[in-house]
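Topology and contacts: notes
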Amino acid sequence: VQGIGPQPYVNPAALPLAVKTEKPKPNWQATGLAELVAMTRYVNDDSGCGGSTPCYSSIGAAIAASASGDTIQVLPGIYPTFTVNVDYLTVNGAHADAVFVDGAAGTFAAKVIGADGVTLSNLTLFNATNGVELVNAGVGGAETASLVTTLDKLFIYNVDHALSTDRPSTTLFKRSTLVGDGTNTTIEISTTTDPVYDGTWTTVLSNATEAAATTAG
């Protein structure tokens, strides 16, 4: 027990010096700017998004405001066609039984043009020549996985082609139902853009509900 009285002398020079520590700086190149600022946007064809913001009345309007890496959450409703031209964008419906994209008897219900790494999920696409149309999208996905176009939990029906692509590309189907018209090919590969390319599909089944389709020529 230390008694009350004079305390022993401590030489200040013998005390340890404080060491300044700096927080590590973020590696911007490794992380990627899009990953740091990615946003979630909401879509509802009725008024309001249940308090979630930013809120848009159409999928197309949300895409127009999006940047690479963003996610668009679509609330239940019936929506017009939309075109994705933003890399690494995700368009995700509340459920395929609740979010419907009506192609209005046009060329496509959903189109991805000049964009890589796009994901479409939890949507029903119908009433068009092509359920999903890819134009210069997912190119190089066989070599670089991040470029693949992913179609997850989609229901595509009342179309000539569930998927149409204009050139060699890679698309990953996951837990989706594709219904053709019984006359045309369910998956169409056009050679119009690249006439010297003779495209074929190779289907690799990893389980009963997932398949990766890759063009090869």
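Remember, predicted model here, so these are calculated numbers, not experimental data.

1. A look at the overall build of the protein
If you tally the helices and strands in the protein, you get three helices and 14 strands. Considering only contacts in the protein between residues 6 or more positions apart, those separated by 24 or more positions represent 50%. Only carbon and sulfur atoms are counted for the fraction: they give 55% of the accessible area of the protein, which is about 12,100 Å².

2. Here's the deal with the environment of Thr170
Relative to the helices and strands, Thr170 resides in strand β10 (residues 170-174). Separated by 26 residues in sequence, Thr170 and Thr144 have C-alpha atoms that sit 9.8 Å apart. Here Ala142 takes part through its backbone nitrogen, which lies 3.0 Å from a polar atom of the side chain of Thr170.

3. Some details on unusual backbone geometry
Cis geometry marks the peptide bond from Thr53 to Pro54; its omega dihedral reads -5°. Within the secondary structure layout, Pro54 lies in the loop between β1 (40-43) and β2 (55-56). One non-glycine residue with positive phi stands out, namely Tyr88, at about 55°. With respect to the element layout, Tyr88 can be found in the loop between β5 (82-84) and β6 (90-93).

4. Here we look at the packing of aromatic side chains
Applying the stated criterion across every chain yields a total of two aromatic pairs. Judged by centre distance (5.5 Å) and plane angle (10°), the rings of Phe126 and Tyr157 are stacked. Within this pair, whereas Phe126 is found in strand β8 (residues 119-135), its partner Tyr157 is found in strand β9 (residues 149-165), the two being separated by 31 residues in sequence. Relative accessible area serves as the criterion here: at 15%, Phe126 is assigned to the buried category.

5. Details of the side chain of Ser169
Examined against the element boundaries, Ser169 turns out to sit in the loop between β9 and β10. Note on Ser169: relative accessible area 3%, which makes it buried. At 3.1 Å, the side chain of Ser169 and the side chain of Thr165 are in polar contact.

6. Notes on the confidence of the model for the protein
Detailed reading of the predicted model is not advised wherever pLDDT is low. With 72% of its residues at a pLDDT of 70 or more, the protein has an overall mean of 83. Low confidence marks residues 195-199, where pLDDT is under 50. Its contacts with residues over four positions away, or in another chain, come to 11 contacts. Counted against residues more than four places away or in other chains, residues 204-217, with its pLDDT under 50, gives 40 contacts.

7. Remarks on the pairing of β1
Alternating positions in β1 separate cleanly, Arg41 and Val43 being buried on one face and Thr40 and Tyr42 remaining unburied on the opposite face. Inspection of the sheet shows β1 paired to strand β3 (residues 71-74) by four bridges, in the parallel sense. When the sheet's bridge partners are listed, Arg41 is paired in β3 with Ile72. The sheet contact formed by β1 and β2 spans two bridges and is parallel. Bridge pairing links Tyr42 to Cys55 in β2.

Rules of the game
- Residues numbered from 1 in each chain as written.
- Predicted model: local features only at pLDDT ≥ 70, side-chain atom pairs only at ≥ 80, totals over all residues.
- Heavy atoms only, no water.
- Helix = DSSP H or I, 4+ residues; strand = E, 2+ residues; numbered from the N terminus.
- Contact = heavy atoms within 4.5 Å.
- Areas by Shrake-Rupley, 256 points an atom, 1.4 Å probe, with all protein chains shown as cover.
- Polar contact = N/O pair within 3.5 Å; in protein donor to acceptor, adjacent residues only side chain to side chain.
- Phe/Tyr/Trp six-rings, centres within 6.5 Å; stacked < 30°, edge-to-face > 60°.
- Buried < 20%, exposed > 50% of the residue type's maximum accessible area, 1.4 Å probe, protein only.
- pLDDT = per-residue confidence, 0-100.
- Pairing = 2+ DSSP bridges.

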